[in-house]
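Listed below are the residues making up each chain.
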Amino acid sequence: MSENPTKHTKVLIIGSGPAGYTAAIYAARAMLKPILVHGMEPGGQLTTTTDVENFPGFKDVIQGPWLMDQMKGQAEVVGTEMIQDHIASVDLKSKPFKAVGDSGQIYEADSIIISTGAQARWLNIDSEQSFRGFGVSACATCDGFFFKDKTVAVVGGGNAAVEEAMFLTKFASKVQLIHRRDSLRAEKLLQKKLMENKKIEIIWDSVVDEVIGDNDPKNVTGLKIKNVKTNKIDELKIDGLFIAIGHDPATSIFKDQLEMDNEGYLITKPESTETNIPGVFAAGDVKDKIFRQAVTAAGMGCMAALEAEKHLSE
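## Description of the overall build of the protein
Of the regular secondary structure elements, the protein holds seven helices and 19 strands. Taking 20 Å as the expected radius of gyration for a compact globule of 314 residues, we find that the protein reaches 22 Å, a close match to that expectation. Principal-axis analysis of the C-alpha atoms gives the protein an extent of 60 × 40 × 40 Å. Within the span of the protein, comprising 314 residues, buried residues form 46% of the whole. Put simply, of all contacts in the protein between residues at least 6 apart along the chain, 58% involve residues at least 24 apart. Carbon and sulfur atoms form 51% of the exposed surface of the protein, whose accessible area is close to 16,100 Å². If the 35 positive side-chain charges of the protein are averaged to one point and the 43 negative ones to another, these points end up 4 Å apart.

## Focus on the pattern of salt bridges
Going through the model one piece at a time under the given rule, you end up with 13 salt bridges. Between Asp205 and Lys229 there is a salt bridge; the shortest N-O distance is 3.6 Å. In this pair, Asp205 is assigned in the loop between β13 (200-203) and β14 (206-215) and Lys229 in the loop between β15 (218-227) and β16 (233-237), connecting sequence segments 24 residues apart. What makes Asp205 buried here is its relative accessible area of 13%. Overlapping salt bridges bring together Asp182, Asp205 and Lys229 as one network.

## Considering the packing of aromatic side chains
With the rule as written, the count across this model stands at six aromatic pairs. Aromatic rings pair up to connect Phe145, Phe146, Phe167 and Phe171 into one cluster. A cation over an aromatic ring shows up here: Lys218 above the ring of Phe131, its NZ or CZ 5.6 Å from the ring centre.

## Here's the deal with the nonpolar core
By size, the foremost hydrophobic cluster in this structure holds 28 residues, and its most contacted members are Ile13, Leu67 and Ile113. Of all the secondary-structure elements, those providing two or more residues to this core are β1 (7-14), α1 (17-29), α2 (64-77) and α7 (294-313). When residues no more than four places from it in sequence are discounted, the contact partners of Ile13 are Gly20, Ala23, Ala24, Pro34, Ile35, Leu36, Val37, Ile113 and Ser115. In this structure, Ile83, Phe254, Val280 and Ala282 belong to the second largest nonpolar core, which totals 21 residues.

## Here we look at the packing of helix α5 (residues 159-168) against helix α6 (residues 188-196)
Helix-helix packing: each pair is described by the crossing angle between the helix axes and the interaxial distance. The contact between α5 and α6 brings their axes to 10 Å, and the two run at 30 degrees. Judged by the sense of rotation from one axis to the other, the crossing of α5 with α6 is left-handed. Facing α5, whose interface residues are Asn159, Val162, Glu163, Ala165 and Met166, α6 presents Leu190, Lys193 and Leu194. Taken together, the residues that form the contact of α5 with α6 break down as five nonpolar, one polar and two charged.

## Digging into the sheet that holds strand β17 (residues 240-243)
Strand order across the open sheet formed by five strands is β10-β17-β11-β12-β13, with parallel pairing between neighbours. One side of each edge strand has no neighbouring strand; the edge strands of this open sheet are β10 (136-137) and β13. Where strand β12 (residues 174-178) lies against β13, four bridges are found, and the strand directions are parallel. Bridged to Leu177 within β13 is Ile202. On the sheet, α5 packs against β11 (151-155), β12, β13 and β17 and is oriented at approximately 170 degrees with respect to β11.

## A word on α7
With 20 residues, α7 extends 29 Å from end C-alpha to end C-alpha; this agrees with the ideal 28 Å at 1.5 Å per step. Regarding α7, the residues found buried are Ala294, Ala297, Ala298, Met300, Gly301, Cys302, Ala304, Ala305 and Ala308. Packing partners of the buried residues in α7 comprise α1, β8 (106-114) and β19 (280-282).

## With respect to unusual backbone geometry
With an omega dihedral of -10 degrees, the bond running from Lys95 to Pro96 counts as a cis peptide bond. Position of Pro96 relative to the elements: it lies in the loop between β6 (87-91) and β7 (97-101). Note the cis peptide between Asp216 and Pro217, where omega equals -5 degrees. Even without glycine at this site, Asn124 takes up a positive phi of about 60 degrees.

The rules we used
Residues numbered from 1 in each chain as written. Predicted model: local features only at pLDDT ≥ 70, side-chain atom pairs only at ≥ 80, totals over all residues. Heavy atoms only, no water. Helix = DSSP H or I, 4+ residues; strand = E, 2+ residues; numbered from the N terminus. Rg over C-alpha atoms; globule rule 2.2 N^0.38 Å. Buried < 20%, exposed > 50% of the residue type's maximum accessible area, 1.4 Å probe, protein only. Contact = heavy atoms within 4.5 Å. Areas by Shrake-Rupley, 256 points an atom, 1.4 Å probe, with all protein chains shown as cover. Lys, Arg positive; Asp, Glu negative; His and termini not counted. Charge placed at Lys NZ, Arg CZ, Asp CG, Glu CD. Salt bridge = Lys/Arg side-chain N within 4 Å of Asp/Glu carboxyl O. Phe/Tyr/Trp six-rings, centres within 6.5 Å; stacked < 30°, edge-to-face > 60°. Lys NZ or Arg CZ within 6 Å of the ring centre and 35° of its normal. Core = buried A, V, L, I, M, F, W, Y, C linked by side-chain atoms within 4.5 Å. Axes fitted to C-alpha atoms, helices over the stretch in contact; angles between N-to-C directions. Left-handed = near helix turned anticlockwise from the far one by under 90°. Nonpolar A, V, L, I, M, F, W, Y, C, P; charged D, E, K, R; others polar. Pairing = 2+ DSSP bridges. Expected span 1.5 Å × (residues − 1).

See below:
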């Protein structure tokens, strides 16, 4: 345990990424001297994305990790204190709010901006994990381009899975959608579009049993899939596998303190980033399961900082 004295700040930002860094830039420019606490890998999901072509302001393709480094640097230059620590618990019941890091450091804050983000859910089978980044992906918009004229499979049955499958038909010659049930959860309109797409084949009542591939060079060559009704195992020849079974927001430390939906996303007031506790704000993928874009996360980070400043001045 560290013997560090308690650190006090007007604005504590928990989490980095476009939301956290943009909140820090705005809070620092408002002379609030924010502290931003980030984990082992600052920058969030964008650090696992290579080519970014949809962030406004860059006509050439930029790299996700570079964009996050730039935002981090910008936040530091205007006066943000960056600390690498992992917030293990928070107490939002009394003012000032309290957060405790794994390091033992105690942070006291007059306001908190939560930008802890979300992670893609994986199937969590060994073969999937060993081919992650080598043909197994959780982001079609990030990696679809690499599968031009190839065969790919998508796992899932919700809106995200259907959207990913349709997006992939721009590149792939064939897309197989693997779903563990015999009907999709996706919106009817999306389902209709899916069924009309000649490039897509749906494999019902099935789960991925194993990802098959080569090791040198590392790439995916196929899948073993199991029919959940008959237990029969079939082999598919594919070049890429996309997992689209949802995301998990990083909100476990806020359970029983902040309002969240049934999936764990923080709920904020309409047209606002404020949670059910005044002075506590949430920005980015931790509260947004609809858009999940770098630019919308950055926009919410800005909103959160402006709302925190207003809250503090009152």
